[in-house]
Amino acid sequence: MKKMLCMAVAAVALMAVTPAHAGDWKSGLYIKGGAGWNHVEDSDVGAGVDAEFDEGYNLTGAVGYDYGQFRSEAEVTYRNNDLDNVGGVSADGDLDQTAFMVNGYYDIPTGMAITPYIGAGIGVAHVSADDFVAGSDEDDDVFAYQAIAGAEVNVAPQMDLYTEYKYFATDDVDLGTGSDFENDNHTITAGLKYSFN
């Protein structure tokens, strides 16, 4: 299932990276930044033992280009969640994730100030899992992918406020102890986009 989703995400992202003549209602270079909430799903860390996480946060920034109704961008996002417990035993570890993604978007024209959009991305994530297993501190670089849905509201000629949901996941992360864990995240972000057109 994950491989099928990954292939679909890659196809959408690569398709949207190619310029498309979908209209001249908006075009040009833009930058954006935002912050918000991140939730990591419970994950098996080996021997049937689950790791559970506290709610965390995310910080994100991107540089992109708008071709009309299609956009492509390079994005970096940092996510942090504290480890709540492992196997029901309280734990003090944490999960840090820095992802470098290439995203593609389709903006849905509405003729109004609000523009909903969908998107997808692929990239790589540097994942740091501290004190998950027997005081281990492990880093792993893994393939990452995401599906995106959001909306932006035009508040000035070159300024948009946006909010979006991301399902973000990676290949299994190696804990360096003969075990690994699945890394599935749900992220909600709000931020500001500035267009140079």
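Residues numbered from 1 in each chain as written. Predicted model: local features only at pLDDT ≥ 70, side-chain atom pairs only at ≥ 80, totals over all residues. Heavy atoms only, no water.

## Topic: the packing of aromatic side chains
Inference 1: Taken as a whole and assessed by the stated rule, the structure comprises 6 aromatic pairs.
Inference 2: Aromatic pair phenylalanine 70 and tyrosine 106: ring centres 5.2 Å apart, planes at 55°, arrangement tilted. Taken as a pair, phenylalanine 70 in strand E5 (residues 70-86) and tyrosine 106 in strand E7 (residues 94-107) lie far apart in primary sequence, 36 residues in all.
Inference 3: Under the relative-accessibility criterion, phenylalanine 70 is labelled partly exposed at 21%.
Inference 4: Ring centres 5.5 Å apart and planes at 85° place the aromatic pair tyrosine 105 and tyrosine 117 in the edge-to-face group. Of the two residues, tyrosine 105 is situated in strand E7 and tyrosine 117 in strand E8 (residues 114-130); the sequence distance between them amounts to 12 residues. (Phe/Tyr/Trp six-rings, centres within 6.5 Å; stacked < 30°, edge-to-face > 60°. Helix = DSSP H or I, 4+ residues; strand = E, 2+ residues; numbered from the N terminus. Buried < 20%, exposed > 50% of the residue type's maximum accessible area, 1.4 Å probe, protein only.)

## Side note on the pairing of strand E11 (residues 180-195)
Inference 1: Strand direction decides the pairing type here: strand E1 (residues 28-40) and E11, joined by 11 bridges, are antiparallel. Within E11, the position partnered with tryptophan 37 by the bridge is isoleucine 188.
Inference 2: Here 14 bridges tie strand E10 (residues 159-174) to E11, and the two strands are oriented antiparallel to one another. Its bridge partner being in E11, aspartate 174 is matched across the sheet by aspartate 180. (Pairing = 2+ DSSP bridges.)

## Description of the environment of glutamate 152
Inference 1: By the element assignment, glutamate 152 lies in strand E9 (residues 137-156).
Inference 2: Overall, the relative accessible area of 2% leaves glutamate 152 in the buried class.
Inference 3: The sequence separation of glutamate 152 and alanine 190 amounts to 38 residues, and the corresponding C-alpha distance is 9.5 Å.
Inference 4: There is a polar contact of 3.1 Å between the side chain of glutamate 152 and the side chain of lysine 193. (Polar contact = N/O pair within 3.5 Å; in protein donor to acceptor, adjacent residues only side chain to side chain.)

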